[in-house]
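Chains, contacts and geometry: an overview
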Number of protein chains: 2
Amino acid sequence: MPLGATEDLLKRLEELVYVRKRIKTGATLYHNGSQFHALYAVKSGFIKTETLHDDGRAQITGFYMGGEILGFDGIAAEKHICTAVALEDTEVCIIPLDRIGNNDHGLNKLQNHFYKLMSKEIVRDHTIMMLLGSMHSEERLAAFILNLSHRNQLRGYSADHLILRMKREEIGSYLGMKVETVSRIFTHFQEQGLLEVHQKDIKILDMAGLKNLISNHSSKPNLPSKNQ
Amino acid sequence: MPLGATEDLLKRLEELVYVRKRIKTGATLYHNGSQFHALYAVKSGFIKTETLHDDGRAQITGFYMGGEILGFDGIAAEKHICTAVALEDTEVCIIPLDRIGNNDHGLNKLQNHFYKLMSKEIVRDHTIMMLLGSMHSEERLAAFILNLSHRNQLRGYSADHLILRMKREEIGSYLGMKVETVSRIFTHFQEQGLLEVHQKDIKILDMAGLKNLISNHSSKPNLPSKNQ
DNA sequence: CGGCATCTTGAGTTGGGTCAATGGTCGTGG
DNA sequence: CCACGACCATTGACCCAACTCAAGATGCCG
């Protein structure tokens, strides 16, 4: 989720909210069903959120890296509807939501910021719905890589060198496909000269080629619908 | 999107926000890319929102009926990222967002309500990601029908009699499948004695059977992932 | 160096897509 | 009131993208 110029917000938050928390690789920050207490801003590290279905199926709903905020799902019912797990040692800032409501200190802008953040999360979700609902596997993976690249860049890192924090299975869960498919597509992209892949170390060789893959490919399920 | 006991909020809004708007069948409330001005509460009627991809592909991201609020996607960048189209003659209340920010009149609770509504939208989106990412077509359609039924019930109507406001193609776009598949599954459900289908008029004959279909069926893409 | 987890690759199957034809339903005009 | 045409829904036959199952390969950690 590209947060853009949220840096100022984060700085202001740091002044207000000094409570930090460290989560070790594999540990959970909150659980599906647990009471909602606060939002969390990722300081460093990497977190995945996943929803569990009754029958055991899981869907990863998001990956969060430095500068991004998670936990918005918990506000609605005051309990979380997904589980947040650290994929590497991670440090978060805890943001109790009531702080945001009490705007005695001219924090009105903060409120607006939060509306925007939540809206951004909604926009992100719509993008993923688009991915899942109307793109082929190759397009989804290309879009995923490009998104990670973009976020890497926003955080001041290279746009064409990524180190994946999640395993293939998790990419698959996020993008709605099986591990084997993810793996095959990585191989394929490498054969096409789009990527150079060494396990979790990815170099983007042909950014334009990847982008092209998304916009030019033909449709899967749906055509534009001119209602009426 | 089940909004539950939002009735009181709507009532209070009505006092504040007397601006109404009527949208005829097929007309749009706002467009992809247009400036964000306000949120909209559906008074009566039915609205779909759809995102357009550059290459012409479309994905329907939501259906909104009486008592539900749309437009949250526009807050982030102050422009809408989807298009809202009325599927039948519809009346909405216009909710300019700045009203929510200015809480001189003890509207703090209103703010919190809005956080909750946005969070609910996020939760809803996660549910759909789950649908699209890890369920088979039959399960998706079953979940869709059950969701409509539930919302119908919340609004005081029958739980087992629905009149679909959208066409098959739109259901397909929302659920990530083609019209033909939607149609075949309706036929199949009818053969199974789960539904009685006459065009857009749907009677649910076996609610339990539909629910069962969702939780008991085996997985498609992903198994639970016990990280580490 | 061995054991375990993750990733890759292959072969075979299938759910759902494509294409094409038919059947309903509704609104409009003669 | 009926006929025509437009749009939508259904059905069938065929096909392919992605899944399943089954080895291997690779890498990691004790």
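You'll find the structure just up there.
These lines cover the structure that appears in this document, whether it is placed above or below.

What counts, and at which threshold
- Residues numbered from 1 in each chain as written.
- Chains lettered and ligands numbered in written order.
- Predicted model: local features only at pLDDT ≥ 70, side-chain atom pairs only at ≥ 80, totals over all residues.
- Heavy atoms only, no water.
- Helix = DSSP H or I, 4+ residues; strand = E, 2+ residues; numbered from the N terminus.
- Contact = heavy atoms within 4.5 Å.
- Buried < 20%, exposed > 50% of the residue type's maximum accessible area, 1.4 Å probe, protein only.
- Pairing = 2+ DSSP bridges.
- Phe/Tyr/Trp six-rings, centres within 6.5 Å; stacked < 30°, edge-to-face > 60°.
- Axes fitted to C-alpha atoms, helices over the stretch in contact; angles between N-to-C directions.
- Parallel < 35°, antiparallel > 145°, perpendicular 65-115°, else oblique.
- Nonpolar A, V, L, I, M, F, W, Y, C, P; charged D, E, K, R; others polar.

**As for the environment of Leu70(A)**
All names here are of chain A. By secondary structure assignment, the location of Leu70 is in strand 5 (residues 69-70). Between the C-alpha atoms of Leu70 and Leu117, which are 47 residues apart in sequence, the distance is 9.8 Å. Discounting chain neighbours no more than four positions away, the residues touching Leu70 are Leu29, Tyr30, Leu39, Tyr40, Val42, Ile47, Thr49, Tyr64 and Ala84.

**Let's talk about the pairing of strand 8 (residues 195-198) of chain A**
Residues and elements named next belong to chain A. Across the two faces of strand 8 the burial differs, with Leu195 and Val197 buried and Glu196 and His198 not buried at all. Examined bridge by bridge, strand 8 and strand 9 (residues 201-204) share four bridges and lie antiparallel to one another. Considered in strand 9, the bridge of Leu195 is made with Ile204. Counting the residues between successive antiparallel strands, the hairpin from strand 8 to strand 9 contains two residues, one of them, Gln199, with a positive phi of roughly 55°.

**Some points on the packing of aromatic side chains**
The full count for this structure, using the stated rule, is 11 aromatic pairs over all chains. The rings of Phe46(A), Phe63(A), Phe144(A) and Tyr174(A) are connected pair by pair, giving a single aromatic cluster.

**Some thoughts on the packing of helix 4 (residues 137-154) of chain A against helix 5 (residues 168-175) of chain A**
Residue and element names in this part refer to chain A. In contact at an axis separation of 11 Å, helix 4 and helix 5 are set at 110° when each is read in the N-to-C sense. Between helix 4 and helix 5, the angle is such that the two are roughly perpendicular. Contacts between helix 4 and helix 5 involve Arg140, Leu141 and Phe144 from the former and Ile171, Tyr174 and Leu175 from the latter. Grouping the amino acids of the contact of helix 4 with helix 5 by side-chain chemistry returns five nonpolar, no polar and one charged.

**Things to note about the sheet that holds strand 8 of chain A**
All names here are of chain A. Across the sheet, three strands lie side by side as 7-9-8; this open sheet has antiparallel pairing. The outermost strands of the open sheet, each flanked by one partner alone, are strand 7 (161-163) and strand 8. Strand-to-strand, the axes of this sheet are offset by a mean angle of 15°, without reference to chain direction. Looking at chain direction, strand 7 and strand 9 are connected through three bridges and run antiparallel. Bridging across to strand 9, Leu162 finds its partner in Ile202.

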